[in-house]
Amino acid sequence: MADKLLSRYEELKAQVNLHNYRYHVLDAPIISDLEYDRLLNELKGIESAHPEWIKSDSPTQRAGARPADRFDKIRHPASILSLANAFGGDDARAWLERISKIDDRVEKAKFVVEPKIDGLSVVLHYRDGMFVQGATRGDGEVGEDITSNLRTIRAIPLRIPVQTVDDRPKTEKPSTVHRPPSYLVVRGEAFLPIKEFDELNRKLEEAGEKTYLNPRNTAAGSLRQLDPQLTASRPLTLLVYQIIHSEGGKVPTSQWEILEYLKALGFPVTDVAKRFNDLDSAIAYTETWNEGRDKLPYEADGMVIKIDDLTLAAELGFVGKDPRGAIAFKFPAREVTTTLNDIGVAVGRTGVLTPYAILQPVEIGGVVVERATLHNFDFIAEKDIRVGDRVLIKRAGEVIPYVIGPVVDARSGKEKTYKPPTKCPACGQAVEHFEGEVAWYCVNAACPAQLVRNIEHFVSRGAMDIVGLGIKIVEQLIESGLVKDVADLFTLKKEQLLELEGFADKKAENLLKSLEQAKAQSLNRLIAALGIHGVGEVMAGDLSRAFGDLSALSNTNAEELQQMEGLGPNIAESIVDWFSQPANQKLLKKLKAANVWPIAKKDEKKKDGALTGFTFVVTGTLPTLSRDGVKEFIEQNGGKVTDSVSKKTSYLVLGENPGSKAEKAQALGVKIINEAELRKLANG
Ligand code: IVH
């Protein structure tokens, strides 16, 4: 019986590891997320019955324990070398000429061209196929032990070769013919893909938090976090390109074969590498990437040209830390200086005000740049950026151009210190600041810059759930002047709708019907729909139960609100502030007049259970439970769910791609658990 279960366990482990590989390395999944979750759950079920079976290659063991208060040092088995630069074809040909004089075999050499990823060099150690240790480059001789953090990167195989249990044709499978050397040390570049970087910054900006400056800094910071849970929350990945050391087994002796070999073992390897018979063709290929670099999903600052024959390359030796057998062919720089003519302010989705640079137009890598992001007002103050300054601008990949800082030496004395606006540039209302956040907000629900997005949020599924009111129609309604705030939706007439393009009888009737139905939505949905800063669905439920209707909530004060569990001074202030805005009071009156005024039962009793007395915050996507599902699960077991992490939070339940809550939880010393651990708690 146990034998059978053990072999099922081994099979599941191999399957989950394989699907991980298909998803994170090949970018070609063959099963749905749901099927994957099922396998993972079955695996977790077996592990909770047999914890003695768990080894470090289990996919459940990626985010492990946090190390002490610093990283240990690791001596690399061989030097982790750097590269000399070439700035163009002539430089590269001069390199070839130099090394041809040292060894005439160079004249017949082949070359491999690979992207030079602007990330972080990492060194991965495998013993008997198991990932046992990982380090930063450090000074090239000694790096830091960041094993626990690297384990969270799903593209890193925990065991090689990645086992194949699927039915793909043999040619597509990572080959199992190679038995890796008993000790294998490889090197790769860890990085944050540009898309993920933008997404991370978007989330941070929405939460009013500091955004990151560029993907490389973010990746570096993420890998040097002491808590692997935090690293796990950053979608880092890597590409492997070098074997640093091997014992007990043969490895190829040409760079091209090394790439193939690493790929066959299940490592992520670049798919834009090419081999050439002469340097001129290699240079020509490299130059095509000067223009094509934006197509790469990561930041690359050049291409690396390597002599394919690694024995020859090694014999050529090195100059300082730079091997003679390879060269970094750098792309033209994308940093320039220009004059900062003015600073503009944009109003974002949640009312966040974001400053941007209005520049003397300047060309960077073939693109004329007139605007660049300035991140937030603190950034301008910290860097002491003044209007009229010469500023250094960088454009990298598809990342929006950003200001690096002022050129202080170029100042004439006429530059002006910048003061953040006190009024919203779009609607003129006073702007607000919430404690603990860097951002400034416009909190006027009727601000034209936010109106489309406010209405979008108001009608969305988690809020008033008004079907048939997509963004296009919302835009039409605003443009035609029919809708100036969300309350106007409920007084729309059929004749008015028929005048809009694309509206016939049926469509107009359907929309009016769903608006009529929405009037019956519960108070908690309406509160959530108002888009009060810091009030999500969970908090809206609590407010709805505590106050019963919108007038009571509107008449409350910050002290009273803070009596509620999970509601701190910042959110209390934000709620009171929202209701004190004349524009918002007007909105409430209109809603009441339109009969959108739900009443809730006050203080509904909650159940008792194993989680009674504990307060939870959930962040990220959980393996099986949905947003509503996890809330229901916790509440049914007597627990309480709140929106934001505070000292009163008992546990943070962490899923994939979480927001900034994990960092806050860590800062406050709140325990972080996953879904499986939550279930364990609930089961006593
Ligand atoms: S080869 C002898 N290949 O660039 C091997 N380096 O400026 C020397 N890098 O520290 C390195 N992509 O972190 C090599 N495909 C690639 C690379 C690469 C990025 C980084 C690496 C190195 C730096 C040198």
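Residues numbered from 1 in each chain as written. Predicted model: local features only at pLDDT ≥ 70, side-chain atom pairs only at ≥ 80, totals over all residues. Heavy atoms only, no water.

What follows is about the site of the ligand. Every one of the 15 residues lining the ligand counts as a neighbour, but Glu114, Ser121, Arg187, Glu189 and Lys306 are closest to it. Glu189 is positioned such that a nitrogen or oxygen atom in its side chain is 2.8 Å from an oxygen atom of the ligand. Within the side chain of Tyr241, an N or O atom sits 3.3 Å from a nitrogen atom of the ligand. Among the elements of the structure, strand 3 (111-117), strand 7 (183-191), strand 8 (237-247) and strand 10 (300-307) are those that each provide at least two residues to the shell around the ligand. Residue contributions to the shell around the ligand peak at four residues, all from strand 3. A breakdown of the residues in the shell around the ligand according to their chemical character gives seven nonpolar, three polar and five charged. (Near = heavy atom within 4 Å. Polar contact = N/O pair within 3.5 Å; in protein donor to acceptor, adjacent residues only side chain to side chain. Helix = DSSP H or I, 4+ residues; strand = E, 2+ residues; numbered from the N terminus. Nonpolar A, V, L, I, M, F, W, Y, C, P; charged D, E, K, R; others polar.)

This brings us to the side chain of Thr152. By the secondary structure assignment, Thr152 is in the loop between helix 4 (147-151) and strand 7. Among the residues examined, Thr152 registers a relative accessible area of 9% and is labelled buried. When sequence neighbours within four positions are dropped, the list of residues in contact with Thr152 reads Arg62, Ala63, Pro228, Thr231 and Ala232. (Buried < 20%, exposed > 50% of the residue type's maximum accessible area, 1.4 Å probe, protein only. Contact = heavy atoms within 4.5 Å.)

The subject of this paragraph is unusual backbone geometry. Across the junction of Ile160 and Pro161, the peptide omega takes the value -10°, indicating a cis bond. In this structure, Pro161 sits in the loop between helix 4 and strand 7. Despite not being glycine, His375 shows a phi value in the positive range, around 65°. As for its placement among the helices and strands, His375 is situated in the loop between strand 16 (367-373) and helix 11 (377-382).

Close contact between helix 22 (residues 627-636) and helix 24 (residues 675-682) brings their axes to 10 Å; oriented N to C, the two are set at 20°. By the angle class used here, helix 22 and helix 24 are roughly parallel. Both helix 22 and helix 24 take part in a crossing whose hand is left-handed. On helix 24, the residues touching Val630, Phe633 and Ile634 of helix 22 are Leu678, Arg679 and Ala682. (Axes fitted to C-alpha atoms, helices over the stretch in contact; angles between N-to-C directions. Parallel < 35°, antiparallel > 145°, perpendicular 65-115°, else oblique. Left-handed = near helix turned anticlockwise from the far one by under 90°.)

The next thing to look at is the packing of aromatic side chains. When we look at a pair of aromatic rings, we describe it by the centre distance and by the angle of the planes. As enumerated under the stated definition, the model contains 13 aromatic pairs in all. Centre to centre, the rings of Phe458 and Phe490 are 6.2 Å apart; their planes meet at 70°, and the pair counts as edge-to-face. Here Phe458 is found in helix 12 (residues 448-459), whereas its partner Phe490 is found in the loop between helix 13 (471-479) and helix 14 (494-498), with 32 residues between them in sequence. Judged by relative accessible area, which is 1%, Phe458 ranks as buried. You can call Phe490 buried: its relative accessible area is 8%. A centroid spacing of 5.0 Å and a plane angle of 75° characterise the contact between Trp578 and Phe579, whose relative ring orientation is edge-to-face. Trp578 sits in the buried class, given a relative accessible area of 4%. Taken together, Tyr126, Phe131 and Phe267 form an aromatic cluster joined through their ring pairs. In this structure, Arg127 packs its charged tip against the face of Tyr183, placed 3.8 Å from the ring centre. Here Arg679 stacks its cationic end above the ring of Phe633, 5.5 Å away from the centre of that ring. (Phe/Tyr/Trp six-rings, centres within 6.5 Å; stacked < 30°, edge-to-face > 60°. Lys NZ or Arg CZ within 6 Å of the ring centre and 35° of its normal.)

In this section: the sheet that holds strand 24 (residues 640-641). Overall, parallel pairing links the four strands, which are arranged 24-23-25-26 in an open sheet. A strand with exactly one partner marks an edge of an open sheet, and here the two such strands are strand 24 and strand 26 (671-673). Most of the contacts of helix 22 go to strand 23 (residues 615-619), to which it runs at about 165°, and overall it touches strand 23 and strand 24. Against the sheet, helix 24 makes contact with strand 23, strand 25 (651-654) and strand 26, and its axis sits at roughly 105° relative to strand 26, the strand it touches most. (Pairing = 2+ DSSP bridges.)

This part takes up the sheet that holds strand 4 (residues 120-127). With antiparallel pairing, four strands are arranged side by side in an open sheet as 5-4-7-8. Each end of this open sheet is capped by a strand with a single partner; those strands are strand 5 (130-136) and strand 8. Averaged over all pairs of adjacent strands, the angle between strand axes in this sheet comes to 25°, irrespective of strand direction. Direction of pairing for strand 7 relative to strand 8: antiparallel, over a ladder of nine bridges. Each residue of the ladder has a partner; that of Val185, found in strand 8, is His245.

In an α-helix there are 3.6 residues to a turn, and that puts residues three or four apart on one side. For helix 8 (residues 255-265), the complete set of buried residues consists of Gln255, Ile258, Leu259, Tyr261, Leu262, Ala264 and Leu265. The elements touched by buried residues of helix 8 are strand 3, strand 7, strand 8, strand 10 and helix 10 (310-316). Phi turns positive, to about 105°, at Gly266, one or two residues after helix 8.

Turning our attention to the pattern of salt bridges. In the structure shown here, the tally under the stated rule is 35 salt bridges. Here Arg93 ties to Asp280 by a salt bridge, and the two come within 2.8 Å at their closest N and O atoms. Placement of the pair is Arg93 in helix 3 (residues 89-102) and Asp280 in helix 9 (residues 279-292), with a sequence separation of 187 residues. Relative accessible area serves as the criterion here: at 46%, Asp280 is assigned to the partly exposed category. With a shortest N-O distance of 3.8 Å, Lys394 and Glu335 are connected by a salt bridge. Residue Lys394 is found in strand 18 (residues 390-396), and its partner Glu335 is found in strand 14 (residues 335-347); the two are separated by 59 residues along the sequence. (Salt bridge = Lys/Arg side-chain N within 4 Å of Asp/Glu carboxyl O.)

If you look at the biggest cluster of nonpolar residues, it comprises 54 residues, and the most contacted ones within it are Phe458, Leu489, Phe490, Leu543, Leu550 and Ile575. Secondary structure elements with two or more residues in this core: helix 12, helix 13, helix 15 (505-518), helix 16 (523-529), helix 17 (537-547), helix 18 (550-554), helix 20 (569-580) and helix 21 (582-593). Beyond its immediate sequence surroundings of up to four residues, Ile575 is in contact with Ile532, Val535, Leu543, Leu553, Leu561 and Leu567. (Core = buried A, V, L, I, M, F, W, Y, C linked by side-chain atoms within 4.5 Å.)

Shape descriptors only; they carry no functional weight alone.
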